[in-house]
Amino acid sequence: MKNLLVVLMIALLFGCGKDEKKENVAVDAKYKDVVGNLESVDENMPDMNLLYKFKKGDKFSFKLTTISSTNAVIEADSTIKADSKETTNYTFDFEVLNKKGAEFDLNVNIKAIAIDAEMNGQKFNFDSKKQYTPEEKQQYLQYTVLIDHPYKIVMDQSGEIKDVTGLEKMVDEMLAVQAKGQKVPPEQRQGLIENFEQGAIKPMTQLVFRKLPIHQINKDSVWADEYPGSIGVFQLKNKVDFKLEDFVKVGENKGAVITAKLNVTWEGKNKGTQEGIEYEYKNPVISGDGIILFDIDRGIVKKSDTGTGLELTVMMQAKDSTGKMKKTTRTEKTLNRNVVELL
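Residues numbered from 1 in each chain as written. Predicted model: local features only at pLDDT ≥ 70, side-chain atom pairs only at ≥ 80, totals over all residues. Heavy atoms only, no water.

Working definition: two side chains of opposite charge can pair if their charged atoms are close together. This model, assessed by the stated rule, comprises 14 salt bridges. Put simply, Glu 160 and Lys 162 hold a salt bridge, and the shortest N to O gap is 3.5 Å. Since its relative accessible area comes to 25%, Glu 160 is described here as partly exposed. A salt bridge links Asp 246 to Lys 219, with the shortest nitrogen-to-oxygen separation between them at 3.8 Å. Note that Asp 246 is positioned in strand S8 (residues 234-250) and Lys 219 in the loop between helix H5 (186-206) and strand S7 (222-231), a separation of 27 residues in sequence. By relative accessible area, Asp 246 is classed as buried at 8%. Note on Lys 219: relative accessible area 43%, which makes it partly exposed. In the salt-bridge network here, residues are joined through shared partners; they are Asp 156, Glu 160, Lys 162 and Lys 211. (Salt bridge = Lys/Arg side-chain N within 4 Å of Asp/Glu carboxyl O. Buried < 20%, exposed > 50% of the residue type's maximum accessible area, 1.4 Å probe, protein only. Helix = DSSP H or I, 4+ residues; strand = E, 2+ residues; numbered from the N terminus.)

Turning our attention to H5. For H5, spanning 21 residues, the distance from its first C-alpha to its last is 28 Å, which sits close to the expected 30 Å at 1.5 Å a residue. Of all the bends found along H5, the most pronounced is centred on Glu 197 and spans about 45°. Along H5, the residues that are buried comprise Ile 193, Phe 196, Glu 197, Ala 200, Ile 201, Lys 202, Met 204 and Thr 205. Its buried side turned inward, H5 meets strand S1 (59-75), strand S2 (79-100), strand S3 (103-119), strand S5 (151-156), strand S6 (161-165) and helix H4 (168-178). (Expected span 1.5 Å × (residues − 1). Bend = angle between axes of the 7 residues up to and from the residue. Contact = heavy atoms within 4.5 Å.)

A word on the environment of Gly 166. You can see Gly 166 is positioned in the loop between S6 and H4. For Gly 166 and Ile 153, which are 13 residues apart along the polypeptide, the C-alpha to C-alpha distance reads 8.8 Å. Excluding residues that lie within four positions of it along the chain, Gly 166 makes contacts with Pro 150 and Tyr 151.

Let's shift gears to the environment of Asn 107. By secondary structure assignment, the location of Asn 107 is in strand S3. Given the relative accessible area of 17%, Asn 107 is considered buried. C-alpha of Asn 107 to C-alpha of Phe 94: the two residues are 13 residues apart in sequence and 5.7 Å apart in space. Asn 107 has contacts with Asp 93, Phe 94, Glu 95, Leu 97, Pro 150, Tyr 151 and Lys 152, leaving out every residue within four places of it along the chain.

For any part of a model where pLDDT is low, the fine detail of the predicted coordinates should not be relied upon. Residues of the protein chain with pLDDT of at least 70 account for 89%, and the chain-wide mean is 86. By mean pLDDT, the top-scoring element of the protein chain is S5 (97), and the lowest-scoring one is helix H1 (residues 32-35) (46). For the stretch residues 1-22, pLDDT sits under 50, and the model shows 90 contacts to residues farther than four places along the chain or on other chains. (pLDDT = per-residue confidence, 0-100.)

Take the pairing of S6 next. With four bridges joining them, S5 and S6 adopt antiparallel strand pairing. Each residue of the ladder has a partner; that of Met 155, found in S6, is Ile 161. (Pairing = 2+ DSSP bridges.)

Let us now look at the packing of aromatic side chains. Following the criterion strictly, the structure yields 22 aromatic pairs and no others. Relative to Tyr 281, the ring of Phe 234 has its centre 5.9 Å away and its plane inclined at 80°; by these criteria the two rings are edge-to-face. Linking Phe 234 in strand S8 with Tyr 281 in strand S11 (residues 277-281), this pair joins segments that are 47 residues apart in sequence. On the basis of relative accessible area, Phe 234 is assigned to the buried category, the value being 1%. Taking the relative accessible area as the measure of exposure, Tyr 281 reaches 16% and is therefore buried. Cluster of aromatic residues (ring-pair linked, three or more members): Tyr 52, Phe 54, Phe 60, Phe 62, Tyr 90, Phe 92, Phe 94, Phe 104, Phe 209 and Phe 294. (Phe/Tyr/Trp six-rings, centres within 6.5 Å; stacked < 30°, edge-to-face > 60°.)

Despite not being glycine, Asp 148 has its phi angle at roughly 55°, a positive value. Looking at where Asp 148 falls in the secondary structure, it is placed in the loop between helix H3 (141-144) and S5. Given a relative accessible area of 39%, Asp 148 falls into the partly exposed group. The residue Glu 275 is not glycine, and still its phi comes out positive at about 55°. For Glu 275, a relative accessible area of 78% gives the class exposed.

The next point concerns the pairing of strand S10 (residues 271-274). In this structure, S10 lies alongside S11, joined through four bridges in antiparallel fashion. The residue of S11 that forms the bridge with Thr 273 is Glu 278. Connecting S10 to the next strand, S11, in antiparallel fashion are two residues, including Glu 275 with a positive phi near 55°.

The next point concerns the nonpolar core. The biggest cluster of nonpolar side chains holds 73 residues, and the ones touching the most others in it are Leu 50, Phe 54, Phe 60, Phe 92, Tyr 151 and Phe 209. Sort the elements by how many residues they give to this core and S3 lands first, with seven residues. Setting aside anything within four residues of it in sequence, one finds Phe 92 in contact with Phe 60, Ser 61, Phe 62, Leu 64, Val 108, Asn 109, Ile 110, Tyr 151, Met 204, Thr 205 and Val 208. Within the second largest apolar cluster, six residues are counted, among which are Leu 38, Val 248, Val 257 and Leu 293. (Core = buried A, V, L, I, M, F, W, Y, C linked by side-chain atoms within 4.5 Å.)

Right under this line is the structure:
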């Protein structure tokens, strides 16, 4: 499973009387094909909190679509190109088990996964609804272990996932195949569970719930979220700037349209030597933006579309078996898009 980084989208409905003129919210042109026209709410909206509003027993489902493409070019004595594309659709079922103050306990079940991928012209498909042989299930283990193995999350009213538990069955099923019957020490098993949580399940589930500010906001309010990262030799400081663009109609409810823009700064020595290999990185080119539609009255994300782009080039030099210096340059361009829709 690939790491996922985020941004945002919307879907909407509108209604215009014959003699009424309604203002539609302005959106980035690249979202027009998925957004449609969003009718602004005419009334003055007071300052408010955009909080998730769940109650015990609530059930709802989301579809998460992740789309990624990578283009790599390696230049040495000859030029090698590698391309890959992957679209993965997840269906999540949620049930609110409890509400404790400003936090919710939710049960999460991934009901279905469908993958359509292509690498260097070779196609790969997986659909969890199909019947597979034991050998095929072992081949698709990283996906099959996710299906119908419920886990639990703790999430606060801002949408931040605080904790993930109940991943033991997933990890044990993977170990049963990968360890081939050998006993895994408890501390090693626990480490695998924690790595699985932090590296896969938690970030993937967080994509469904957009984190929102806990303070009151109104139209044109701005806020930011910061988080660290790393690429190659660079330590990254990611900052996402959000803006509440407008209030709109979502059926009979009121909604908020929020845009996001990713800004990244980095530090690190782009030149060095490791194990006899001299390397030099060019400054990375990183971008990201998106749009979110939040249903204020219901207290839940209606739809979001977020995306990031990265270009990274590294040049390496090392002596070959004859003592001659050989130079290799690798450039990789990656695009990621995450689309979330309330079903």
